[in-house]
Structures are given as C-alpha cells and as structure tokens.
Amino acid sequence: MSPAAPEPTDADLTPAPSTVCTHCGLEVPPGLRAAAGQAQFCCSGCATVYAMLKDSGMDDFYRLRDSGGVLRPEDQLPGATEPEADDYDGPAFQQAFVHDRGDGTCELDWHVGGLHCAACVWLLEQLPRITPGVRAARVDFGANRLRLIYDAATVSPAKQARAIARLGYRAHPWGDRSASDAARAERRSWMLRFAVSAASAMSTMHLSLSLFAGRETGDMSAMATRGFAGAALLAASPALLYGAWPFYRTAIAGFRLRRATIEQSVLLVVVLGTALSVVNIIRGAPEVYADAMSMFIAFLLGGRLALVTAREKVAGGAGHLHGLLPPEARRLRADDSVEAVVPDSLSAGDRVLVKRGDLTPADGEVLSGEADLDVAVLTGEARPLRLTVGDRINAGCRLIDGELTMRCEAAGAGSRMGRLLAAVREGSWQPTERSKLVDRLTTWYAPTVTVMAVFTWLLWRSIDPTRALDQAMALVLACCPCALGLATPLAYALAVRRAAKGGLVIQDGGAVETLAAPQFAVLDKTGTLTAGRFQVVAWEWLDQQVNQAAIESAVLAAEARSRHPIGPALAAWLAERGTDAAPIENFEELPGKGLRCHSALGTLLIGSPHFVGLHGDQAVAGASMIGIACNGSVVARISLRDPLKPGADDLVACLRAAGAEVHLLSGDETATTTRVGAELGFDPTLVHGAQSPEDKARYVAALAERGATVMIGDGINDRLALDAAHVGIGLRGGMEAVMACCQVYVADPKPDAIPRLLAGSRATTAVLRRALDASIIYNVIAIAAVLAGVWGPYVCAVAMPVSSVLTILYLTQSKYFRS
C-alpha cells in the first residue's frame, strides 16, 4: 500500500502571487491557479502552446515577448482569438483558397493580423515544428501574408487557423474580403497617424513661433518661456507617442533581437530631442525641439503612407492591367437582370453571365449554355475547349464563341489565376542583389549615426558650445537611409506592373536587374526565332510493306493531341488528304523527343531522328525532319519547314546591344539549326543542334556559372534549361506550367515583346540608379551642411522625411512607370 501523502503546508496551498497567464498574459481564473513557482495558464489551449514551444526548444519566444519584441494577445487588435473556423474545411473553401501541389501536399495563404516585428515572423515560421502536418511556413512581412505548405491528410485549414489564433494572431484566407478589409484598415491606420501627427506638428509650430519671437525681442520672462516650452512639448506628444508608436515597436524589437534597423533612428531622434528639451525647460532656455521632432514624425509617416499606397497600387492593378483578368463582370440578380461589378466583389454562389469575347471573371461551374473557351493562357492548349452544363471553368479564359451562365465558386485572388498573379506580386517584392546590398548598408546606419553625432557635438563644443547639442541633434535628424531602403523594392515592383501592361508577367523582381545587363543569352529555335507554324514539304516512306493508311490514321490521332507546334501542322496536313483518325491508347508526349502511343499496328514512335532511330541525311535541304517508327522499325520520315518569326533579327540585335553573347540551341538536327543561325548572323561556334532537353540544361548551367544568363524558350519542352538560367523567359505553354520554371512569362507574344522587356529593364535600372544617387548626394550634402553649421534641427527635421517622399514620388511619377 502506498504511503499516505504528506499534509500540504500553508505555503503549498497559497496561490501563486501572479495570477497572469504565463503564455498570453490574461488573468487566470481562481479555479485554474497553480501553486507558487509554477507556470500559470488561463486555459488548456495556452498550456498546450506553452508545452509545444518548450518541447520544440522555442522558449526564446517568451524572452522576446517580455522584452518588447512580441505583443501579448491582449495588446493585439480586437479579434485575436480562436476563430470559428469550421467552414474552412468545407468544399467551397477548398476550391477557392487551397492549391493542390500535386505531390501529396497543399498550399494555402493566410492574411495574418497583428504582425509587428521580426519576433512575430520568427514565431509563425516555426509552425512546422509545433503543428504536425505543416511542412513549411513563410511570412511576407510587408503584405501580412503567411504561406503554409502542409499535408492535407494531417492538418486541415481549420486546424491551421486555430493554431495561428492560439499563437495570438488573427488569420483570414488570403484574398477573402475580410483580408482585404484588414489591409484597408492598415492603410487607414497610417493615414490617421499621419493626420494626427501633422495636426500636432502645426500646433507645436505655433507655440514655437512665440518662443522664437520672445527670444528675438527679449521681453519673455523665464516663467513664460518655461510655460510655452512645456506647452510645445505637450502639443507634440500626440505625434511623439501615438504617431511614432509603430517605429518604436520595431526599433525595440530590433534591439532585443540584436539587429540594427532604420526605425532605431526615429527612436534615437525622439529620445535625444525629448531629453534635450526637458533639460532646456528646466534651465529656462527657449530651445526646445518639439516642433522639429513632430514635423520629423509627420513627414516620416507621410512617406510611409505614400509607400503603402504605392504598394497597394502595384498589387491591386497587376492582374487586370495586362488583361489576364477582366475589369468587370456581369452578375445576375434574382430577377435575372444584369449588374456590372468588379470581379473581386463576386461571392461564392453568385450567378455570372459570360458573353462571346469576354474573359471569365471567376472559377466555377457552367449552369446553362454552351460555348467554346480559349484556355491557352492557363494550360497552353491551343485548341478551344467546348463547355456544356456542369463543366468546370476557370477565371482568365476567353469565350470565343457562344454564351453561358456560370455559378461563381472563387473570384479575384482566390481563383486559380488569382493565385498565380499573387505569386507574381509576391515575387516583385523579393530581395535582389541590389536590395540586399542596401539592407547591409542600412544595418550599420544607427551605430554610424550615433558615432557621427558624438563627433559633431565634440566638434561644435570647440567652435560654439551653445550650438553643440543643436548640431548633434540636427545630424541625427538629417541622416537617414530611408530613401535607399524604399527605392529598390518599389522600383522593381513598379517595373513588374509596367511590364504587365504589355503582356509580360514577371514573377521575380530580381529578373529586372539581370535583364538590364545580361552576359549570356541562350535562344531556343522553334517558337522563339521561328514562327512555330510548320509546313509539311515531304513525306517519304522508307518501308513500302507497311499498312501506310493505318499508320497515317494513327499519326493523325496522336498529333492531334500534341502540344508541340509540329502537332497541329501535321494533323492538319493529314486531315486535308482525307485521312481519318484511328483509335490509339497509352498516348505519351516526351518533351524534346516526340510521341509514343499504341495503335492497332503496335507501338508507334513519332519524333526526332534520334528518338525513333532514324539515321542519314534529310530528304529536303534546310527543312526539319522527324521520323516514324512502328514496333522498333523506322517506316517513314517527314520534312517540315518553319519560317523565321517576324522580329527575330531584332530580338538577336537587341540582346547583342544589351551586351550579351547570344547562343542558339535546338533539338532540331544540326543542319537546320545551322541554317537558321546563319540567316540571323550567329557565330557558328555558338550554334548547336540535336540538343536534348538535358543537353540544353547542362549547356545553360555551364554559362550560368560564368555570368548572368538569360534563357528564352518553350515553356513546355525547355523547362530544364529555363530553370538552369538566372532568368528564364517562357514563350509557350500555359501560365501555370511556365511560371513553375520561369521568371518571366510572355502572355502576349508580339514580335517586340522581349525587346520591350529588355528596354524596360534598362529604363528601370536607370531610374533606380538616379534615385539612389540622389539619396546618397542628399546625405552627403546634409552631413556637410550640419557640420558647417548651415543646417540646424528645424531644417533637418523637414529635409530628411521630404527626401524619402520625393524618392517615392520620383519613382511613381517617373515617365517610364506612368506611360
């Protein structure tokens, strides 16, 4: 029998002095309070999260939170509680927001409210360690977006939302109206802070003018001086306390995480200015810096508001501007009358009328009508898709014939096309080599400015001690790399938006940097330099004993399914000869090789000479050749010609003018590739035919090791080579497939598309260079003016934020970005 438990002592029965939950900071109900010295929890959820963090070795979260790096849930915006997320597991939600990656995992984007600092980012990106089934978590801090890749069989969207809520953040599916409302609320918050700070600055300036007048006339008593100075500091407090609070929060988190941030300069300005102002008030001196600090905060908030507005402009317009999504949709009311609405306002269940020539505004199901739909932008399929009642339909496809009514299931950012465009917008803000360099420079800003301020104070102590503190304060106010930090990502985002207007979808802002000065450019032949519209010039039978009619029928059936440009040409040629398609099975298209299928005669191979085992010279000089093999025996060879694409010579010339060494690769035989290269003036040593997809990838990878390499080719057959380049530009194939291996997708392949892309990249780089040069020149002038005593605190308080605002305005109003 177990020994009796000892009687509890009074100390054991005494509740812990603190009744605050160890995890969330809320009050612990009396019935849940633990003994002294133990962790306190207000609910089982907090206890579970606490245990998960401890077990996962992430208890640094509590150190960061308690040191100011993370807000407790009670400090978050309203609604930071576990959501009623049962609907998140429904089929409508899955269809609208969940992307199946095809490898057993799914991808889901959340708009997360309450993100404030690096510690918040760190915690959310640890979700794979604390939530079973979550494979990866990535936070886009600027957009408040969390992307989760997860095992759908283990963790559902509802469980994800609850896990995020238990960590103290509000989660809504990205693209949902509530997420859009949250983004608008953030902009309104910046606008309100700016308005309050501007009003505070104007009030402070009126009081400071009285102090200035009293100092000049000498008729203001010491008591009146202290009164006006104190009133000025009080009038500045809304700007210093409310307006600048987001900067303080980020600055403190940076200190606790041992990271230097630009926001620390704001904190340094306010702390130093307030301390000096209080000292001067006590001394009865008229010099207070309340007006300078409040102006500084107001102009800084104006710059931040301008940046947020510019980013919304980039993100909000990208999808519609290049015609991949329609600007409006025809929604049917209950009485079947039509109202024009923006696609983002469509909700699940809405009925939408789509007429001939329209772009479909949403993903959904056909309710009535029949129509032919061009789905090439999504799938790369050249032939129209016939739709009838009950068929699925995706946003961004064009109705080329007929009329139908559809039921909306997902619109805007939640649609399949919307998710692709969201990836493009996200990539436009990803760090580039230039922005990484700027980030490294700005991390040294706060320590450097502190040292320079001390130097300025010492310098002026020896020149004029009465101005030493003023000039030290002026230097801190004047110097800021805000313009440097803002210019690079904003310029690339604007470039992405500008390119989108011309049918060029750029999903990586860093591609603009590479395209401005490529060292090597590799071009595929078919569809890039040639038109991709083949013409059959000869069909030669090599085996006269085979059933030629049966083979032609099987070839027609196979080529009709092919996505290679040869397929439609060969199928049309056979159909014109009166050939009927025969049944085939086990159809397979092998990129860079050809087709394989089973027919009544056996296994049929149609494709490159190497693929089918064809050897010897081609039948027609200067033509491309493919072969046909039946059951391992070559039975025929076909010669086809593909004319040069209009503008092919301009493309080559444009790449050479950009400083690139231009190479030509093709899976076609060497003789045909050499002929095309000669027509376009290629160096023969840079022209290579009979290249398999693997050969092309190795060739491009070798060039990429030597310098910035651009690959332009077929998004279907050249995937490996496109992926091996620094920048891959896909000309054919569906957007979804091309964007998986390319940084640029040419949605509207006009002859001048790529020359416009290259010219735009150079223009963007030139605009950005001028903006960065101006920012550097400003900082040099400001430092010199402060050290010389020409600029004081008041001038610097306005000059620094204005430099940031002017940088943003210069970029957004630049002639190139506005055109």
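The structure reproduced in this document is the subject of the present report. (Residues numbered from 1 in each chain as written. Predicted model: local features only at pLDDT ≥ 70, side-chain atom pairs only at ≥ 80, totals over all residues. Heavy atoms only, no water.)

1. Side note on the sheet that holds strand β13 (residues 504–506)
Put simply, the rule is: Pairing between strands is defined by DSSP: at least two bridges between them are needed. Secondary structure elements are taken from DSSP: a helix is a run of H or I of four residues or more, a strand is a run of E of two residues or more, and numbering for both begins at the N terminus.
If you walk across this open sheet you meet the seven strands as β13-β25-β24-β23-β14-β21-β22, and the pairing is mixed. Either end of the sheet is taken by a strand with one partner, and the two such strands are β13 and β22 (687–688). For strand β14 (residues 520–524) and strand β23 (residues 709–713), the ladder comprises four bridges, and the chain directions are parallel. Among the inter-strand pairings, L523 is bridged to a residue of β23, identified as I712.

2. Section: helix α17 (residues 468–478)
Our working definition: The cut-offs for exposure are 20% and 50% of the maximum accessible area for each residue type, with area from a 1.4 Å probe on protein chains only; residues under the lower value are buried, those over the upper are exposed, and the others partly exposed.
Counting buried residues in α17 gives 10 out of 11 residues, a clear majority hidden from the surface. Of all the residues in α17, the buried ones are A468, D470, Q471, A472, M473, A474, L475, V476, L477 and A478.

3. Some words on the sheet that holds strand β16 (residues 585–590)
The following threshold applies: All axes here are fitted lines through C-alpha atoms, helices being fitted over the stretch that makes contact, and every angle between N-to-C directions spans 0 to 180 degrees. Should any heavy atoms of two residues lie within 4.5 Å, those residues are considered in contact.
Strand order across the open sheet formed by six strands is β15-β20-β19-β18-β17-β16, with antiparallel pairing between neighbours. In this open sheet, the two strands that pair with only one neighbour each are β15 (535–541) and β16. Averaged over all neighbouring strand pairs, the angle between strand axes comes to 15°, with direction disregarded. Where β16 meets strand β17 (residues 594–599), four bridges bridge the pair, whose relative direction is antiparallel. By the bridge assignment, E588 is partnered in β17 with R596. In the packing of helix α21 (residues 566–576) onto the sheet, contacts are made with β15, β19 (624–630) and β20 (633–641), and the angle to β15 comes to roughly 70°.

4. Describing the pattern of salt bridges
Using the following cut-off: The term salt bridge refers to a pairing of a side-chain nitrogen on Lys or Arg with a carboxyl oxygen on Asp or Glu at a separation within 4 Å.
Applying the stated criterion across every chain yields a total of 18 salt bridges. Where R147 meets D109, a salt bridge forms, and the shortest distance between an N and an O atom there is 2.8 Å. With R147 in strand β4 (residues 145–151) and D109 in strand β2 (residues 105–113), this pair connects stretches of sequence that are 38 residues apart. Given a relative accessible area of 17%, R147 falls into the buried group. Residue D109 is classed as buried on the basis of its relative accessible area of 12%. Across the salt bridge formed by R756 and D752, the nearest N and O atoms sit 3.2 Å from each other. On the accessibility criterion, R756 (31% relative accessible area) is partly exposed. Through salt bridges with shared partners, one network takes in R331, R333, E339 and D350.

5. Examining the nonpolar core
Worth spelling out the cut-off: Take the buried Ala, Val, Leu, Ile, Met, Phe, Trp, Tyr and Cys residues and link them wherever side-chain atoms come within 4.5 Å; each set so joined is a nonpolar core.
Ranked by size, the top nonpolar core spans 45 residues in total, and within it L529, F682 and I729 carry the most contacts. Dropping the residues within four chain positions of it, I729 is found in contact with L515, V710, M711, I712, G713, L722, C742, V744, V746, I754 and L757. In terms of nonpolar packing, the next biggest core, distinct from the first, is built from 44 residues, A239, L276, Y289 and L477 among them.

6. Let's talk about a nonpolar patch on the surface
The criterion, for reference: By definition, no residue in a patch forms a salt bridge, and every one has over 30% relative accessible area; like charges are joined within 9 Å, nonpolar side chains (Val, Leu, Ile, Met, Phe, Trp, Tyr) within 5 Å. In this description, accessible areas are obtained by the Shrake-Rupley approach with a 1.4 Å probe, and a residue is regarded as covered only by the protein chains that are shown.
Side chains of V454, W457, L458 and L469 sit close together on the surface and give an oily, nonpolar patch of about 340 Å² of accessible area. Of the residues forming the nonpolar patch, the biggest block, three residues, is contributed by helix α16 (residues 445–463). Tracing the chain through its elements places W457 in helix α16.

7. A look at unusual backbone geometry
Phi is positive for D336, close to 70°, though the residue is something other than glycine. Positionally, D336 belongs in the loop between β6 (329–332) and β7 (338–341). Despite not being glycine, A690 shows a phi value in the positive range, around 55°. Tracing the backbone shows A690 in the loop between β22 and α25 (693–706).

8. What about the environment of V338?
With respect to the helices, strands and loops of the structure, V338 is situated in strand β7. Along the sequence, V338 and R351 sit 13 residues apart, while their C-alpha atoms lie 9.9 Å from each other. With residues near it in sequence (within four places) discarded, V338 still touches R330, R331, L332, R333 and L353.

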